[in-house]
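Residue-level structure breakdown
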2 protein chains.
Amino acid sequence: MKAPPAWLSPDKPYLVGISGGRDSVCLYHWLVSHQFQNLTCCHLHHGLRGHEADADENFLRELLGSDLIVGHTDVTALAEKESLSLETAARRARHTFFRDCARRTGITQVLLAHHADDQAETILFNLLRGSAGPKGMKPRQKLGNLTLIRPLLAVRRTEINDYLSTHQISFREDHSNAQPFATRNRLRHEALPLLADILGRDPVPALQRTEQLSRDLEEIARDTLDSLDLLDPQNRLHLPTFRSLSTALQRQALHDYLRNHDIPNLTFDLIDRARLLAHPKAPPSLNLPGGQRLRRKQARLFLSP
Amino acid sequence: MKAPPAWLSPDKPYLVGISGGRDSVCLYHWLVSHQFQNLTCCHLHHGLRGHEADADENFLRELLGSDLIVGHTDVTALAEKESLSLETAARRARHTFFRDCARRTGITQVLLAHHADDQAETILFNLLRGSAGPKGMKPRQKLGNLTLIRPLLAVRRTEINDYLSTHQISFREDHSNAQPFATRNRLRHEALPLLADILGRDPVPALQRTEQLSRDLEEIARDTLDSLDLLDPQNRLHLPTFRSLSTALQRQALHDYLRNHDIPNLTFDLIDRARLLAHPKAPPSLNLPGGQRLRRKQARLFLSP
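So, here's what we can say about the structure. (Residues numbered from 1 in each chain as written. Chains lettered and ligands numbered in written order. Predicted model: local features only at pLDDT ≥ 70, side-chain atom pairs only at ≥ 80, totals over all residues. Heavy atoms only, no water.)

Of regular secondary structure, chain A possesses 12 helices and 10 strands. If one aligns the C-alpha atoms of chain A with their principal axes, the spans along those axes are about 70 × 50 × 40 Å. Split into buried and exposed, the 305 residues of chain A put 48% on the buried side. Taking all contacts inside chain A whose residues are at least 6 apart in sequence as the whole, residues at least 24 apart take part in 64%. Of the side chains in chain A, 40 bear a positive and 35 a negative charge, and the two mean positions are spaced by 10 Å. (Helix = DSSP H or I, 4+ residues; strand = E, 2+ residues; numbered from the N terminus. Buried < 20%, exposed > 50% of the residue type's maximum accessible area, 1.4 Å probe, protein only. Contact = heavy atoms within 4.5 Å. Lys, Arg positive; Asp, Glu negative; His and termini not counted. Charge placed at Lys NZ, Arg CZ, Asp CG, Glu CD.)

What follows is the structure in structure tokens.
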């Protein structure tokens with residue numbers, strides 16, 4: 001494994017999300033081996049997997065001593081209360097926990113162990129949901145006050161395994177990773193191997209390139225839209241400008257406008273129906289998911305209750 | 001199935017690519033049922049599948065009589081001679097055949113029966129090759145003098161099957177479609193059903209949306225680049241302008257520039273190495289696949305032998 005990127009400084013303080021599994025334990029040892037000295041590890045006991053999870057916690061307490069913050073939560077209860085999948089509830093609980101850790105320590109940068117094979121699963125998953133294109137996780141991601149940082153995002157799972165065995169590093173096996181129940185585990189254990197077999201080559205690098213390409217194109221579209229002064233001082237879409245755009249830019253502009261106003265369930269169909277509102281002869285409003293309306297009035301499009 | 005789009009006119013002459021299988025036979029009957037009266041069907045006997053292929057040809061001769069042009073080729077020989085896969089050789093042979101038909105008839109618009117499930121396979125295939133993002137087939141595609149038109153590209157395979165059985169239309173089963181040998185057949189028969197099972201929903205609409213989104217973003221990037229005057233009158237990249245662009249736009253600009261000059265095997269890595277040439281202190285040239293070089297001289301980037 002290469003050295004950490006230059007924009008991470010060994011002298012700065014970081015939080016490190018750690019489960020006790022191979023990826024996050026590797027991340028920790030790798031950082032320490034590169035003289036990172038100001039790491040506070042954050043472990044959330046999810047209240048799942050009974051004794052195994054207790055053993056993970058004990059393993060980490062021995063490894064890390066006072067450099068460890070442990071939190072406890074009940075992900076099952078959270079999932080039921082909020083009608084979420086266990087995976088989504090667990091992620092949300094971890095983010096809440098990281099925010100707590102940041103408040104307690106004053107450290108807002110959180111290093112996470114997601115790697116290139118996790119990324120490939122995410123890209124495939126998002127692609128097949130169809131809401132946002134072939135998106136992956138970002139190497140750096142703002143989340144409220146936190147910055148989530150993923151320094152292993154280009155590192156393959158095999159490299160992590162090699163690193164652990166070369167350096168004889170102990171870790172805890174997470175047996176739930178090997179169970180093909182959850183969607184992501186099935187993508188990992190069934191879909192990606194089948195696609196590799198069909199294509200006769202590893203699909204992960206191709207998925208990474210597709211993701212980078214798509215991210216580049218989005219950035220270009222965003223920069224282009226930013227340069228157009230589409231919004232008036234009241235934050236309404238200026239229709240004469242909007243009408244002068246290509247269909248593709250109109251769709252992007254509406255997508256961004258509605259997403260920035262937290263309109264849920266933005267489908268392609270909805271965007272195209274919103275686009276029709278720009279016609280002077282179309283009906284002057286459209287009901288949106290979540291209860292708001294998009295209205296056309298005096299050459300402007302805007303949201304109203 | 002809906003009516004054909006308004007930009008197809010029943011009175012105009014069209015070539016129709018026809019195999020005798022369910023998709024193309026459905027396309028033909030659907031067009032006829034909407035009063036398309038000037039159709040010339042083009043069938044290429046690939047020299048594969050022996051008696052079955054002869055029977056396909058006879059079936060079409062009975063169905064279409066003098067509205068049919070039949071061509072004969074030997075795809076196996078072509079594949080060997082040009083070191084191509086059978087699939088690629090067959091596609092190339094069909095295109096050559098359509099050009100012949102266009103010369104003989106004076107008709108340059110070719111209707112093809114590719115449908116939404118074909119499109120999903122293509123998107124997945126291109127995505128996993130990683131060269132061009134989640135690209136699909138275009139509804140209209142220029143190919144030399146020909147225009148390939150795919151009026152069924154949004155129609156699902158199930159709709160085609162329903163249409164055929166509702167109208168009691170005979171067609172020829174192509175047994176090679178059911179054999180999970182070729183990559184595309186395996187994507188159809190193994191990968192897409194597995195992904196549907198894992199996701200708990202049909203992945204085809206999501207792939208279609210992703211494709212449209214990616215096409216929109218590319219169009220925006222192309223329009224943005226076109227507006228920048230990056231090329232000087234000698235068709236060289238103007239470096240001061242180039243350097244002012246975002247990384248994402250620089251990558252797109254170089255990709256387009258090299259592709260427009262038919263540089264083969266454009267990988268992401270190559271694009272990024274080409275991008276480094278823009279630095280005044282980088283070495284002044286880069287060897288490209290295919291034997292040409294990209295050179296930097298007097299604030300320009302250009303190709304030289």
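Continuing now.
Bringing the packing of helix H9 (residues 204-226) of chain B against helix H11 (residues 247-260) of chain B into the picture now. All names here are of chain B. For the pair H9 and H11, interaxial distance at closest approach is 10 Å and the crossing angle is 85°. Comparing the axis directions of H9 and H11 gives the class roughly perpendicular. Together, Ala221, Thr224 and Leu225 of H9 and Leu249, Gln252, Ala253 and Asp256 of H11 make up the contact between the two elements. Class assignment of the residues belonging to the contact of H9 with H11 gives a composition of 4 nonpolar, 2 polar and 1 charged. (Axes fitted to C-alpha atoms, helices over the stretch in contact; angles between N-to-C directions. Parallel < 35°, antiparallel > 145°, perpendicular 65-115°, else oblique. Nonpolar A, V, L, I, M, F, W, Y, C, P; charged D, E, K, R; others polar.)

Moving on, we get to the nonpolar core. Formed by 56 residues in total, the largest nonpolar core has its most connected members in A:Leu258, A:Leu294, B:Leu258 and B:Leu294. When near neighbours in sequence (up to four residues on either side) are disregarded, A:Leu294 contacts A:Leu254, A:Tyr257, A:Leu258, A:Ala274, A:Leu277, A:Pro284, A:Ser285, A:Leu286, A:Leu288, A:Leu301, A:Phe302 and A:Leu303. Counting residues in hydrophobic clusters, the runner-up holds 28 residues, among them A:Ala120, A:Leu127, A:Ala191 and B:Leu207. (Core = buried A, V, L, I, M, F, W, Y, C linked by side-chain atoms within 4.5 Å.)

Our next topic: the interface of chain B and chain A. Interface size, as often reported, equals the accessible area lost upon joining of the parts. Listed per partner, the contact involves 40 residues of chain B and 40 residues of chain A. Together, the buried faces of chain B and chain A total about 3900 Å²; carbon and sulfur atoms form 71% of this surface. Looking at the side of chain B facing chain A, the largest losses of area belong to B:Leu128, B:Ile198 and B:Leu217, adding up to 17% of the total buried there. Linking chain B with chain A are 4 salt bridges, by the criterion used here. Our count for the chain B to chain A interface comes out at 7 residue pairs in polar contact (both at pLDDT 80 or more). (Buried area = accessible area lost by both parts, 1.4 Å probe. Salt bridge = Lys/Arg side-chain N within 4 Å of Asp/Glu carboxyl O. Polar contact = N/O pair within 3.5 Å; in protein donor to acceptor, adjacent residues only side chain to side chain.)

Another aspect to go through is helix H3 (residues 75-82) of chain A. One side-chain oxygen of the residue at the start of H3(A) lies 3.3 Å from the amide nitrogen of A:Thr76, identifying that residue as A:Asp74. Once H3(A) ends, the next one or two residues include A:Ser83, with phi positive near 55°.

Read these as spatial facts, not as claims about activity.
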